Every structure is written in C-alpha cells, then in structure tokens.
Amino acid sequence: MIIMETTIGGIIYEPGSSAKTKTGDWRTFKPIFDNEKCKRCGICQKFCPEGIISINEQGAKANMDYCKGCGICAEECPFKAITMEVEKK
Amino acid sequence: MNEPENELLAPGHRTCAGCGPAIAIRQMLRATGKNVVICEATGCMEVTSTAYPETSWKVPWIHVLFENVSSVASGVKEALIKQGKDDVKVIALAGDGGMVDIGFRALSGAMERGHDVLFLCYDNEAYMNTGVQRSGATPFGAATTTSPAGTEIAGKQEWKKNVPFIAVAHGLKYVATASIAYPEDFQAKIKKALSIKGPKYLHVHCPCPVGWGCDGAKTIKYAKAAVETGLWALYEIEEGKLKLNTKPSELKPAEEYLRGQRRFKHLKEEDIKKIEKHAKQRFDHLLELENSEISLLKVL
C-alpha cells in the first residue's frame, strides 16, 4: 500500500507546479513551424490549450516539453505556416 | 502579451489534447489578471489542473464540491470585503454539470442574495470528466452514455437548458454568452462583468473532442461553426436589454456543425432539419428581443 503524505487541507504551496510534469511524451504528432510563412499574428498562441507557443522576430516556437500534438495551431494558422508531422521516437 | 511567461495557467495540466475548456480557462485568466480568487467546482478543469501535489494555477484557487461552488464563492467574497480587500475579484467557475445541474441550487441562491461574484460556466455539453453523461446543457439529439442513440431514442430528446435567461430572471444586471472561438469577445465580456458590482453570469461554449467524438485539432472550428449555424448565439443582456454580438446575415446549415461529431452521427435528415428550424426560430426571437424596447428585468 502506498501512503502519500498530504498537507493540512490538501493545500498546494507552489503555484504552477504542474510544469514539473512534462506532457510532451503523450504526443503522436508534432507541429513544424515555417518561419518564412509565419506573420507573427499570434493566432496559434491564443488557441493553444497548453499556452506554450512563444513568438518573437525569429518566428513562432512551441515548448515541446508540453506540446500534446493536438494540432489546433496548424488548423487555425491562416498562413499555413504550421504543419503536423508524425513524431519519431 | 500572450507569451508563455505571462501565462497564469501553467502547462503540464492533464487535459486531453485539443481540450476546449483548457483554452477557455487560459483566455479567462488573460482577462482577469492576478487580482482574482477562483473557486472551482469538481469537473474536468479541476481534476486536470490540480493533480495533487501539483497545481497549474498561479492565482489563488480553491476546489469545492460539484454542489456548492457558488456558496463558497459568496463566502470568499464576503470574507475579502471584511478584510478590506474589496478590489479582489471572485469567480465561481464550474462546468455545465457543476453549474447548471448539480450546483444549480447554490447558483440560484448566490445570485438571489446578490453577492459580488462572477459565475462562469464553461459548457462542454455533458459530464465529460466522469465519462460523458448527459447534462441539462447537452443539446437535443446528442448521444451520451445516459442518452444513447438506439432503437428507443435518437440521443437526448430534450433541448438545451437556457441558464443565461434563468440568470436574468434572478434580476442580474449583466448576463452574457461567449465562445472560445471568439477570444476578444469573451475577454471583453469578462472585463465588463468584473467591472460591475453585484452578481453576474457568463456562459462560455467550449467543445470537448473526446466527449463529442471529433478531431482534437478542430476544437476551434466546431466552436466557430456552432455560432455560425445559430446553434450557439453570442449575446449580452445588460439591465435586461439583449444585444447580439454576432449577427450572421444568414445562418449556415446546421449540418456544417453536426457532421463530423460522433455524438450526432445517428441523426437522420429530419432530425437535422428539426434542429436547424429550432436554431433559426431561436435566433429570430433573439433578434426580436434585441429590437424590442422592453427590458427583461421589467417582467420580474
């Protein structure tokens, strides 16, 4: 039997600690960003369920530690700058 | 602005790939900022955002039962007022099951007592967390594990419960509906709601790829199609006066929304026509209400 130690009231003291769990290994597909086509509009950023897409002058990039490969970014990109590819592990 | 370092919901949450509610919560936190306390009922976003001993939240957050999120939010708000922290906003957050069914009594009580709380329902149209059971917010015709499509019935046989209008019937000064496909509209409504003192109600529509049986990449596509077909309408009711926020010149055929979702795949041509007719009539009534001078609060 595993007994887990809990805090009083189940209080979690560390905000945002779920970042310790890397959900990236759930992924079957991965987004490939074409920064030639990318217009830095930020639409992918708005609709990413994980909130892990960053955009700068170089273009857009997803934090692959957490990307679950849902493909919303590729589907919503108006410039077709994102394509989904099968992840090779 | 939308950079990950400004995010108030950390990644690593356990929502399914393509989760609509996760997008709703992210968009919500962008609008609220840090000065907020979130009270959340049991549901998908509660379970997946706080796998003990971890949490995705970077704002104060409390988990309560399905039944009593509105009661707890009332208490939190009153306690903050007693402490002189009047500026801290309080949101009672629940899914459709936790808000419009199980938590409905507490919601009604809290709205009637007039607490300065925003009641926010993220509606994915069934009890997804427990394995897709029908809720009051499940639409007509949708197959769930407790309204299966078979020889007896073709999915749920009742229409979606209209909770925004029930909230208006409590005399609320601000009630609105939103969709994750229209983030600017949704966020403007949150900001407006939080600037108003007293109870307010917001209902945001967000697809669930797992429960609806659709491609996770198309979450936003379906959210948008629901609005474009009139099966979900974006409006706000201020002081009893209704204003539609999207007015397509012509509603798209319901088929564009219904096809591609497993929960509707049993629907026959006549069922789709029935749903389409209902959406059209409802939309016309909303237009009529918009053009009418009568405040809905006057009939209370």
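Residues numbered from 1 in each chain as written. Chains lettered and ligands numbered in written order. Predicted model: local features only at pLDDT ≥ 70, side-chain atom pairs only at ≥ 80, totals over all residues.

Tallying secondary structure elements over chain A gives two helices and four strands in all. The secondary structure elements of chain A, listed N-terminal to C-terminal, are β-α-β-β-α-β. For 89 residues, the compact-globule estimate of 2.2 N^0.38 gives 12 Å, and the C-alpha radius of gyration of chain A, at 17 Å, exceeds that figure by more than 25%. Projecting the C-alpha coordinates of chain A onto the three principal axes gives extents of approximately 50 × 25 × 20 Å. Counting over 89 residues, chain A shows a buried share of 34%. Within chain A, contacts between residues at least 6 apart in sequence are counted, and of these 69% link residues at least 24 apart. (Helix = DSSP H or I, 4+ residues; strand = E, 2+ residues; numbered from the N terminus. Rg over C-alpha atoms; globule rule 2.2 N^0.38 Å. Buried ≥ 20, exposed ≤ 12 C-beta atoms within 10 Å, placed from the backbone. Contact = placed C-beta atoms within 7 Å.)

Residues and elements named next belong to chain B. Tracing the backbone through its elements, the reader meets Glu276 in helix α11 (residues 269-291). Owing to 20 C-beta atoms within 10 Å, Glu276 belongs among the buried residues under this scheme. Distance from Glu276 to Asn6, taken between C-alpha atoms, is 41 Å for residues 270 residues apart in sequence.

Here we take up the sheet that holds strand β5 (residues 174-179) of chain B. Consider a sheet: its strands pair through backbone hydrogen bonds, and that pairing is either parallel or antiparallel. Residue and element names in this part refer to chain B. Ordered by their spatial adjacency, eight strands build an open sheet running β2-β1-β3-β4-β6-β5-β7-β8, and the pairing between neighbours is mixed. If you trace the sheet from one side to the other, it starts and ends with β2 (61-64) and β8 (241-244), each paired once. Along the sheet, successive strands turn relative to each other by an average axial angle of 20°, direction set aside. Pairing between strand β3 (residues 89-95) and strand β4 (residues 118-123): five bridges, direction parallel. Paired with Ala94 across the strands is Cys121, a residue of β4. (Pairing = 2+ DSSP bridges. Axes fitted to C-alpha atoms, helices over the stretch in contact; angles between N-to-C directions.)

Any functional reading would require information beyond the geometric quantities listed.
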